[in-house]
Amino acid sequence: MSSRWSPHPRYRLYTSASSYSVPLRQFFSGRRHSAGLPAQLEAAIRSRFGVNAAVCVPMARTGLYLGLKEMIRPGQAVVMSPLTIVDVVNMVLLAGGVPVFADIHRQSCSLDPDEAESLIDGRTGAVLISHLHGEGANAHVFRDLCRRRGVPLIEDAAQAFGAVENGCRLGTIGDLGIYSFGFYKNVNTWRGGMLVSHDAGLIDRVRNRLSRETLLPGWGLLLLSLHGLLTEIGTWPPFFASIVYPLVRHSLVHGIQPVNRWLDPEAGATRISSLPRDYMYRMTAAQASLALARLDRVDADTNCRITHAAAYHRGLAGLTGLIIPEWKGGQSNIYTYYPVQCQDRDALLRYAMIHNRDFAAQHLRNCADMPDFGEYHRDCPNARAASRELVLLPTYPRYPAEEVVRNIHVIRDFFRQTALTCRE
């Protein structure tokens, strides 16, 4: 494969001009409060997703914390996947729960229902599933399992806003659903999220807890949007190809750790003993307006990602040594990325960089093995392997189809070269 092609970046933000103008106007006007716009966003989600109740929350992780505070008693167990961000485990602990790690299905990277059920006992307060990479985690299977065992089901749909399983939007199938409107999500309010449930009383209790908190400061939202603007500039394809990518490629190929750590969003993530103050800033009217403006784009953007994923699925099928996701029709998998697993991930990424491709390792840890959570350790071999092998291929709507084809060619070339080397 020729190295002359300049790559497009591995991600770009889901933004528009209003993503920057709205925070700027809020900052200079000083107007952060308007109950009407967050309420309008909640009503829009209730209507579109067919769910009884919804409440805007500061961040998805904060929403998990608030939901668990209302759903479990201190000391109760939360059965969950260890393949997640460190802060998800932190929120379980800070809410008074005890994380019980259950292993995942290797192909889907979602919680294994049989493994999860084997760990449910009299002290279990909830089961938490994660729809990782926009792939449905068999929520209906878990719903039936949890109803049979008499425990609540929580859906972490932070990466799966808009996905559908058996005619229901993910997040609305269990007892509580969590959405993220954070920096890199398909609905981007710079930070923020939402809880949804068919239990209006649960949502009202969360709303009451939040009513005592302050709004995100105008300067805070402005700083987040300025960070976003720098990201937009850095990932603008001409600037990325000429300035940013050569630096990233040099750092990966030559093992320059400061840059590599900067590219790892979980670098330095650790156990915390108290909830950070800024985790509780309530969503402002400006943030709600940004989400409302994006809602009509969600399904169209999903279809673009599915088209890219279908091309990857066809192009990468049959490669010995590469695990690819199961293909599902409709919008049950919305592919925020197309995740593949390669045993020699570092070699694949180096080869891709040398051949002018930009895709990345998935940086989630296997939290069951982390020293910070040592007292909750369980042997989860599938999660351990996935944390070492996951690679995320770009699918975002602005990503050109020809770039998908070039990624496929380079990956196939890597496996062809690897096979030749093994035979020599």
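To start, this report covers the structure provided alongside it. Nothing here was measured: the structure is a model prediction, and the numbers come from that model.

Looking at the packing of aromatic side chains
Here is step 1: The tally for this structure, following the rule as stated, stands at 16 aromatic pairs.
Here is step 2: Grouped by ring-pair contacts, the aromatic residues Tyr-11, Tyr-20, Phe-183, Tyr-184 and Trp-190 constitute a single cluster.

Focus: the packing of helix H2 (residues 36-49) against helix H11 (residues 285-294)
Here is step 1: Relative orientation of the contacting elements H2 and H11 amounts to 30°, with a least axis distance of 8 Å. In terms of their interaxial angle, H2 and H11 are classed as roughly parallel. You can see that H2 and H11 cross each other, and the crossing is left-handed. In this structure, H2 contributes Leu-37, Pro-38, Gln-40, Leu-41 and Ala-44 to the contact, and H11 contributes Ala-285, Ala-288, Ser-289, Ala-291 and Leu-292.
Here is step 2: Taken together, the residues of the contact of H2 with H11 break down into eight nonpolar, two polar and no charged.

Notes on the pairing of strand E10 (residues 193-197)
Here is step 1: By the criterion of burial, E10 is predominantly enclosed, with five of the five residues buried.
Here is step 2: By the alternation rule, side chains of E10 split into Gly-193, Leu-195 and Ser-197 and Met-194 and Val-196, which are all buried.
Here is step 3: Sheet topology note: the strand E1 (residues 53-57)/E10 ladder contains five bridges and is antiparallel. In the strand pairing of E10, Cys-56 is matched with Met-194.
Here is step 4: Inspection of the sheet shows strand E9 (residues 176-180) paired to E10 by four bridges, in the antiparallel sense. Pairing of Gly-177 across the sheet is with Val-196, part of E10.

Topic: the pattern of salt bridges
Pairs can form between side chains of opposite charge whenever their charged atoms are close.
Here is step 1: This model, assessed by the stated rule, comprises 26 salt bridges.
Here is step 2: In this structure, Arg-277 engages Glu-213 in a salt bridge whose closest nitrogen and oxygen atoms are separated by 3.7 Å. Taken as a pair, Arg-277 in the loop between helix H10 (257-262) and H11 and Glu-213 in the loop between helix H7 (200-210) and helix H8 (218-234) lie far apart in primary sequence, 64 residues in all.
Here is step 3: What makes Arg-277 partly exposed here is its relative accessible area of 43%.
Here is step 4: In this structure, Arg-297 and Asp-301 form a salt bridge, with 2.7 Å as the shortest nitrogen-oxygen distance.
Here is step 5: Asp-301 sits in the buried class, given a relative accessible area of 3%.
Here is step 6: Linked by salt bridges that have partners in common, Arg-12, Glu-232 and Arg-398 make up one network.

What counts as what
- Residues numbered from 1 in each chain as written.
- Predicted model: local features only at pLDDT ≥ 70, side-chain atom pairs only at ≥ 80, totals over all residues.
- Heavy atoms only, no water.
- Phe/Tyr/Trp six-rings, centres within 6.5 Å; stacked < 30°, edge-to-face > 60°.
- Axes fitted to C-alpha atoms, helices over the stretch in contact; angles between N-to-C directions.
- Helix = DSSP H or I, 4+ residues; strand = E, 2+ residues; numbered from the N terminus.
- Parallel < 35°, antiparallel > 145°, perpendicular 65-115°, else oblique.
- Left-handed = near helix turned anticlockwise from the far one by under 90°.
- Contact = heavy atoms within 4.5 Å.
- Nonpolar A, V, L, I, M, F, W, Y, C, P; charged D, E, K, R; others polar.
- Buried < 20%, exposed > 50% of the residue type's maximum accessible area, 1.4 Å probe, protein only.
- Pairing = 2+ DSSP bridges.
- Salt bridge = Lys/Arg side-chain N within 4 Å of Asp/Glu carboxyl O.

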